[in-house]
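Reading the structure
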Amino acid sequence: MPGGRDGGGGGGRSRPRGGGPPSNPLRRQLQSRLGVHPAAPAGSSPRRPRVRTDRARGPSRGSSRRLASSSSAPRSGPRASRWALALSIPVVAILCAWQHALLMDRLEGGGEYAAFWDDEVTAGGDDGGDARGGGGGVRGSYWEEGVRGAAEVVSFVMYGSGLMTEEEEDEDDDAVDLDDEVEVAMDEGDDEISVEAEEEEEEEEEDNYDEKGANEGDGDEEEEEEEDKEEVEDSKAAAKPETDAKEKAPAKPQEKKAKPGPGSIVPYDLSVNHLRRIVGAPGRPPPEAAPSGASPALVPEDFLPVVDPSYVKLRWRHRPASGSNVPDAARVSAYRIVARRAGGSLGTEDDWTSRPVLWDSRTVLLDDDEALPHEVAWPRDRPLRSGEVVEWRVRVRDVRGRERASARSKFAVGPDKVEGWEGGWIVHPDDWATFDAKRVEATDECERWKERRPLPRFRATLSRKAVEEALGGEALASALLVASGLGSFRASFDGVPLSSSGPIDPPFTDYSRRVAYRGFDVTDFLARSSVVVPPPPPPEGGKAIEDGAAHVIGMSTGRGWWDLRPLSGMAKPELLPRGPIAVVAQLYLTTAGGEVRVVLPTRGGGEGDDDGGSWRVSRGPIVGSDLFAGETVDVGVLTSTAGWDAPAGGRSGKWIAPAPYRARVTWEEFRQDLALKAKALDPKEARSFPPRDHLAAPIGELIPPEVPPVLPLERIAPEEARDLGSGRWLLDFGKAMSGVLHFERGLPAPIVPAEGKYPRGHGFKKATKRGDAFVTVIYGESLEMTTGDINRVLVAGLGMHDGGPRHVSNAAGAQDGKPCFPEDHDGVLSQRDVYLLPSSRRGKADETTADERRGRDAAMFSAVRQSHFTTHGFRFAEVCCLASPPEGVRALLYRTAIPEWGSFSSSNVRINGGYELVKNALASNMLSVQSDCPHREKLPYGGDLVADSPAAMHIYDMSSFYKKTIRDWLDAQWDNGAYTETSVWQDLNDYAGIGHGAGETVWATAPPVLTVRHMQHYGDIDLLRETMPGHARWLQFLNGHFAEGMEAKGYDRDLKKYKGDGSGLGDWLSLRQTDTFLTHTAFYMAAARCVAYIAEKLGDGKLSKKSRAVAERVRDRIASLYMKNGRDDFDYPRGGSSGTPGPEMGLFARIVPGEKRCAVLRNWFKRSGSIWPGDEEQLFLAHLDESHKKQMVRTGELVKDSDEYWMGWSQWQGFNEGIFAIRYALKTLSDNGFHHVALRKAVGFGFGTPEYWLSHNATTMWETWWRSEDVYSRNHPMLGAIAEWMASSVAGVSLHPATVGGRHALFWPRFPRSAAVLEHAGAVQGSPVGDYAVAWRFEDLPEEKDRYDSAFVKVRIRVLIPPTAEGTVRLAVPVSKETKITIGRSQKFPDLALARKESNVKCIKRRKRRLGFPYSWEYSRVREKWYKQMKSKSIGTPCESFLFSVLPLTDQWGGRTDMTNHVLQRKDLQLPTGLYDIVYENWQLEREVEGTGRLGNIPEYFDPSSDAGPYCKEKSTFEWNIDDATHII
């Protein structure tokens, strides 16, 4: 396949270290302008001289320079040119001498020179693409500085003297074929979650820009000139008075202005280090009533990116402006970044221009063949200071030099790694004592865990005097709070929550290695009038605060992954670092003069101030908090201490000085203990450590946020509230998710069920005995069929339940005796939140009436809103016990707030439904790690990432998320080089690996595979540099241990004894027998390929060659063994062509030898399905009417053998593959000419299909193809690769296999043979450069459906390629000679944003009409029978792509080109930016190949005389290419 024009990072024009003359860009510029060229290297072509200016290019293509000939010039024409050239030589010499004098003056203290002249910057630089920016300090050699001024004079001489006239420049511009480079990007639709900076403000700015037209450009230039002046004024190098500087400095040259009028390219989605500012989470609950004394200030954002001052990389995306000419948006010809000091909410444009400039990149010009850098690095000569808040924007110019600015965004600068933190971790002293070594030895772990409750909360006061002293009389520019908490925390300022995050914040990492902190811009709080209140009472034994609290920082906490309930199930808390809940924080105050002060650093008693300074700690209302078992909240404490974090709240509760967190256990000691348990370290090599008197785990390095926080991204009302009796209400929210309930109007007062008998799982024995009032909420993803209430067993975790009503394995309550098993969970570990009002808060029974108690209860429970430090996997929730269902209840869907940028739609309900199952499952399992399920495990498994990451990277921007994920595995990597199964070692399936601490080979190879895919999608060369040593060590480990490890697992070298029964996880949860030898060995090959790919991108040819040799050696071994039997079926020697993965993996991963490709493909079609004897399926059939069974026999869903009925799985009309082979099968079929067979698998019905899940009311993907009521999860994205296949093959858009950074897409729309299967499909694929989109549909279909497999129809395809990108279009070859294929391109970009909005509105209306999946199997508990209920749902609703509504079918497409012969020759089309319309006239529909039935094979394809597909002859394309990231495995 053709490669893209992609590189491995950097971009623009490079400048080597030191900036010497040989490669100096300014020298080249001067040489070009003077017509002088150095000798070219041997074998190279001479470079055409180019004319460049400081703002835009000269006569080259894409020029924006339009200088009129000088009216004062005495001559014109050739004589004038010679005259001017003759004069220019002495002028240049004089100017060089003058520049030298100025430079010497600057070296002695002058600084104005740089500020005036250092305004052209070349992309590239010292560190992989730095863009160096204007002013301050000596940046280059004498050559660079001297030549710069000379170049400007030469530019004036050439243009002003007539050497290059305006007319000649116009002719040069007109001669350019701009059709060679055209591009488009799409606006985001209403249904997409926006997590960028203030979308409404951005759209408003764009509208204003369009209305103002040319005036906007003039205003921008005025702003740029003002920025230049401010930069000069800010320069600290200016040692002389301004008047003197003006006398000495030359007149500033007229900078090249952008052409008038708005540009064709809109920059948007600004990000720093892959992170975008999030103003407000879409699902953020309505704000609560502010407590007394709370600040009226508003929080400016839900998430503020924070960076380490030494690493700042800026990115943005592009989309075309509505109505702009397509050629003008072909590429970015220049860009400019301006960053200013900021703080608080983004203000007006006047506020922006009044702030000091921190960096102005000046206009960075790009050559015609020069791509925009993947990212732009903050220059090292403009260092950022910790505590600063930075506001920035970017301007880009289109081909014609017209300009557009982005909306402004923000980020903050956090503490540097060396000496940036003055604050230390602090804890509640009583919690700290529970980790004393003697107490650990003497007491039970669970008892000590219970002692650490209620959970602590922390409070710090900031007096007005302290603020004034910190500012030193200067005005406040910004205030930045940086904070973190283990396990989880929520910060507030003056009683106002600073973010709607909380459940898992900081993100889940190995907390002994690294812990992320958050940054909060609190400028607006300090800028408002301070609230002075009486001082709180002094702490016990401490000093009183001298004056009242003007401001208060509050931090509430949860246990998170740091202090889990010590109950070992699927997740093993004992293997995680653990300690008491702790927090760390400090507040930066930046003055208007740029000075930064730190106040309120967290300090414990004995550090600095004896009483812990201004920080205090108290017990809060959260009695218990656990990620698995839920949260218990004391409503009495919640209400009595309301406003505890406001300035007036110091009297709320008992506040004492915190203790410092001082770990005695070192990281080396903690890590060695794990390595010994994992057998990753020989005990003989272990070090000895002295006994420790305290056993709290060490806390790792504090780092800036790597990913956005977990935020509420949807707020969902219940579709139904069902009365289950006894005050229990079942709420159905219509789809499964991860989150909690939010009670917007609070809870009503609870009732006591009749006779005091609480429904199972809702009781609370101790509370009932005490006379407490309480409300319980139980969460679950499905209902128990025999009882109609929530199936708690499925979400409990293996071994943490009694089996449930239909699969009783233990008596009710049998689990309660287990250490630390939650009380009153009635034998099933449940996702349960409890809101408890102690009797002491309700009033004494003999002193109050029943009505008074109910009124008091109602008042207190009305303050309840939600649990904060836990999440649950659920679709259903039971609330108990209430007289009526709660009003205003909503489900909050929580996930890491990464942007959603991919979509898919089609005409087929089953395909759409399958896509939604994957999307909902992924959304449920992205809470700072990509987990397997949102309830019983919540762990990041490597195999799941290998299987699911293509789908995730289609739907979401995973750039930051997967970068963190890879770092998680690097932290977990053992010293011997072995990677683990999960990103935090949990000793789950190490038996399946090759020993020495390695996880199962597939699971452990996830980090390098993910790194390669990350590079393909996001182009982050720094990630390759960072991770390469770890991946190379993993390959080295495999080289040294794989052979012996496989032998130890029972695999003989020649597989003479192997029967597919080896040890490993393999193609997990398939319906066939798993071939674990193939998956082990193939992923060894993949590890070597990944290292070779990464080394190639890093320019390490030696390592790349060596690693590729390893990959080829392993590949050849697999091929020789699997082709050994002579059957050409790609199977192990004693195999029966029944293992998985099999031919599909060998073909997709380019393992099968090219000359055997067609034979293996043919023989694959010999495979067939089989019956399935699963327990639940047999129970289903036992309770099904005979009429239904007979109907299912006719459709092929059932097989009747004698008097018995069996469900069966299909090979070609359904799925049998596991989590890996499902992708290999679908992609191999579609890519090799059998897309119609892949479609039949996806739209199949019955057991082993998405239809089967949907018919049993699934809204998320299940863990297995079979139904489970007591073991397997129903919210598991493991099989989710089908979603990426739908976008890339059914619709036809994906990133090109050889692209880097998503700059090149492959458009390969494939149609079914028959329109009865599918009539239209479309998809959007996001990328760092913008959004690609494709859509196709059949037109002129006959009214008679029976002609859907024979008629001649029209096929229309729409393709959209964004600015700075390109696309390869691969079109289907027609079967009829009557077919004609033409292509046209839109001359102007339509209003894509409007089209998407209108399309989304139509789709939402269709979903509300429930035009999706039409039926479900329901169980009647009265009749004890299953029946099919015909009731349509919203899931699966067909919607047509917005691309078919952006333009009429005939208008604005320009001339059409006949591409028929091109397509018949199987040639790809290489297209630049644009919106294209491709039409097939007289496309003939065909009848689908039936094969031998649902469970049979397809003899039409394995017959040697039949057509084996259109691509079998192209054996040369079958070898894996070093640049191919898609087929690496």
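Details of the structure are given in the entry above.
So, how was this worked out
- Residues numbered from 1 in each chain as written.
- Predicted model: local features only at pLDDT ≥ 70, side-chain atom pairs only at ≥ 80, totals over all residues.
- Heavy atoms only, no water.
- Phe/Tyr/Trp six-rings, centres within 6.5 Å; stacked < 30°, edge-to-face > 60°.
- Helix = DSSP H or I, 4+ residues; strand = E, 2+ residues; numbered from the N terminus.
- Buried < 20%, exposed > 50% of the residue type's maximum accessible area, 1.4 Å probe, protein only.
- Lys NZ or Arg CZ within 6 Å of the ring centre and 35° of its normal.
- 1 Å grid on protein atoms, 1.4 Å probe; cavity = no way out; pocket = protein on both sides within 12 Å on 5 of 7 lines; lining within 4 Å.
- Points joined across faces, edges and corners; volume = space filled by probe spheres on them.
- Nonpolar A, V, L, I, M, F, W, Y, C, P; charged D, E, K, R; others polar.
- Expected span 1.5 Å × (residues − 1).
- Bend = angle between axes of the 7 residues up to and from the residue.
- Polar contact = N/O pair within 3.5 Å; in protein donor to acceptor, adjacent residues only side chain to side chain.
- Core = buried A, V, L, I, M, F, W, Y, C linked by side-chain atoms within 4.5 Å.
- Contact = heavy atoms within 4.5 Å.
- Pairing = 2+ DSSP bridges.
- Axes fitted to C-alpha atoms, helices over the stretch in contact; angles between N-to-C directions.
- Disulfide = S-S within 2.5 Å.
- Parallel < 35°, antiparallel > 145°, perpendicular 65-115°, else oblique.
- Left-handed = near helix turned anticlockwise from the far one by under 90°.
- Salt bridge = Lys/Arg side-chain N within 4 Å of Asp/Glu carboxyl O.

What to know about the packing of aromatic side chains
- Applying the stated rule across the entire model yields 60 aromatic pairs.
- Taking the centre distance of 5.4 Å and the plane angle of 20 degrees together, the rings of Trp1172 and Phe1247 count as stacked. Residue Trp1172 is located in strand 37 (residues 1170–1172), and its partner Phe1247 is located in the loop between helix 33 (1235–1242) and helix 34 (1250–1255); the two are separated by 75 residues in the primary sequence. Both residues of the pair, Trp1172 and Phe1247, belong to the buried class.
- Note on Tyr1252 and Trp1262: the rings are 6.4 Å apart at their centroids and 75 degrees apart in plane angle, and the pair reads as edge-to-face. Placement of the pair is Tyr1252 in helix 34 and Trp1262 in the loop between helix 34 and helix 35 (1281–1291), with a sequence separation of 10 residues.
- The class for Tyr1252 is buried, based on a relative accessible area of 4%.
- Judged by its relative accessible area of 2%, Trp1262 is buried.
- Cluster of aromatic residues (ring-pair linked, three or more members): Trp1172, Phe1215, Phe1247, Tyr1252, Trp1253, Trp1262, Trp1265, Trp1266 and Tyr1272.
- Seen from the ring of Phe628, Lys938 lies directly overhead, with NZ or CZ sitting 5.5 Å from the centre.
- Residue placement shows Lys1097 over the ring face of Tyr1093; its charged tip is 4.6 Å from the ring centre.

Some details on empty space enclosed by the protein
- Applying the stated criterion across every chain, the model contains 19 cavities of 30 Å³ or more.
- Volume-wise, the largest cavity comes out at about 320 Å³.
- Surrounding the largest cavity, 24 residues form its lining, Lys1227, Glu1284, Ser1294, Leu1295 and Thr1526 being those nearest its centre.
- Counted by class, the lining of the largest cavity contains 10 nonpolar, 8 polar and 6 charged residues.
- Forming the boundary of the second largest cavity are 22 residues, of which Arg315, Trp316, Arg317, His374 and Pro1328 lie nearest the centre.

Section: helix 25 (residues 1021–1048)
- The end-to-end C-alpha distance of helix 25, which contains 28 residues, comes to 38 Å, matching closely the 40 Å that a straight helix rising 1.5 Å per residue would cover.
- His1041 marks where helix 25 bends most, by close to 50 degrees.
- Its side-chain oxygen at 3.1 Å from the backbone nitrogen of Asp1022, Asp1020 defines the N-terminal cap of helix 25.

Quick look at the environment of Asp1524
- For Asp1524, the position within the fold is in the segment after helix 38 (1499–1502).
- Each C-alpha atom of the pair Asp1524 and Val1012 lies 9.4 Å from the other, and the pair is 512 residues apart in sequence.

A closer look at the nonpolar core
- With 267 residues, the main nonpolar core has Trp561, Leu741, Met958, Tyr1122, Ile1357, Tyr1480 and Ile1529 as its most contacted residues.
- A total of 15 residues in this core trace back to one element, the largest contributor, which is helix 26 (residues 1076–1097).
- Those residues within four positions of Ile1357 in sequence are excluded, and the remaining contacts are Pro1309, Phe1311, Val1334, Ala1335, Trp1336, Leu1371, Tyr1476, Asp1477, Ile1478 and Tyr1480.
- Residues Ala297, Leu462, Ala470 and Val522 belong to the second largest nonpolar core, which totals 31 residues.

Details of the sheet that holds strand 38 (residues 1198–1201)
- Taken in spatial order, the 3 strands make up an open sheet running 37-39-38, and their pairing is antiparallel. The sheet is open, and its two borders are formed by strand 37 and strand 38, each paired with just one other strand. On average, each strand axis in the sheet is inclined to that of its neighbour by 55 degrees, with strand direction left out of account.
- Pairing of strand 37 with strand 39 (residues 1204–1209) involves 3 bridges; the strand directions are antiparallel. Within strand 39, the residue paired with Trp1172 across the bridge is Met1207.
- The strands touched by helix 31 (residues 1186–1195) are strand 38 and strand 39; relative to strand 39, the strand with the most contacts, the crossing angle is about 45 degrees.

So, the sheet that holds strand 19 (residues 551–558)
- Sheet architecture is open: 5 strands sit in the order 16-15-19-13-22, paired in antiparallel fashion. Taken across any chain shown, the strands that pair with only one partner, and hence form the sheet edges, are strand 16 (496–497) and strand 22 (615–619).
- Across 6 bridges, the pairing between strand 13 (residues 456–462) and strand 19 is antiparallel. What sits directly across from Arg457, in strand 19, is Ser556.

Some remarks on the state of the cysteines
- Within the structure shown, the criterion is met by 3 disulfides.
- Across the disulfide from Cys446 sits Cys820; the S-S distance is 2.0 Å. Disulfide Cys446 to Cys820: torsion about the S-S bond roughly 85 degrees, handedness right-handed. Of this pair, Cys446 sits in helix 12 (residues 445–451) while Cys820 sits in the loop between strand 30 (773–780) and strand 31 (831–837); the two residues are 374 residues apart in sequence, bridging distant segments of the chain.
- What pairs with Cys880 in a disulfide is Cys881, and their sulfur atoms sit 2.0 Å apart. An S-S torsion of about 45 degrees defines the bridge between Cys880 and Cys881 as right-handed.
- Take Cys880: its relative accessible area is 1%, and that puts it in the buried class.
- With relative accessibility at 1%, the residue Cys881 sits in the buried group.
- By sequence order of its bonded cysteines, the protein chain has the disulfide arrangement 1-2, 3-4, 5-6.

Observations regarding the environment of Glu391
- Position of Glu391 relative to the elements: it lies in strand 9 (residues 389–397).
- On the basis of relative accessibility, which here comes to 1%, the residue Glu391 falls in the buried class.
- As for Glu391 and Arg341, which are separated by 50 residues in sequence, their C-alpha atoms are 6.2 Å apart.
- Discounting chain neighbours no more than four positions away, the residues touching Glu391 are Val338, Ala339, Arg340, Ala342, Leu346, Trp352, Arg355, Arg408, Ser409 and Lys410.

Some details on the environment of Val1334
- Its place among the elements puts Val1334 in strand 43 (residues 1331–1339).
- As a C-alpha pair, Val1334 and Val1324 span 10 residues in sequence and 6.6 Å in three-dimensional space.
- Not counting chain neighbours up to four residues away, the residues in contact with Val1334 comprise Ala1291, Gly1292, Val1293, Phe1307, Gly1322, Ala1323, Ile1357, Arg1358, Val1359 and Leu1443.

Brief notes about the packing of helix 24 (residues 1006–1018) against helix 26
- In contact at an axis separation of 9 Å, helix 24 and helix 26 are set at 40 degrees when each is read in the N-to-C sense. Our classification of the angle between helix 24 and helix 26 gives oblique. As helix 24 runs across helix 26, the sense of the crossing is left-handed. Contacts between helix 24 and helix 26 pair Pro1008, Val1009, Thr1011, Val1012, Met1015 and Gln1016 from the former with Cys1090, Tyr1093 and Ile1094 from the latter.
- Broken down by class, the residue content of the contact of helix 24 with helix 26 amounts to 7 nonpolar, 2 polar and no charged.

Topic: the pattern of salt bridges
- All chains considered together, the criterion is met by 90 salt bridges.
- Where Glu669 meets Arg692, a salt bridge forms, and the shortest distance between an N and an O atom there is 2.8 Å. One end of the pair, Glu669, is in helix 16 (residues 667–677); the other, Arg692, is in the loop between helix 16 and strand 26 (701–703), and 23 residues separate them in sequence.
- Judged by its relative accessible area of 18%, Glu669 is buried.
- The closest approach of N and O atoms between Arg1115 and Asp1116, which form a salt bridge, is 3.5 Å.
- For Arg1115, a relative accessible area of 7% translates into the label buried.
- Ionic contacts of the salt-bridge type, sharing partners, join the residues Arg513, Arg514, Glu706, Lys964, Arg967, Asp968, Asp971 and Glu1026 into one network.

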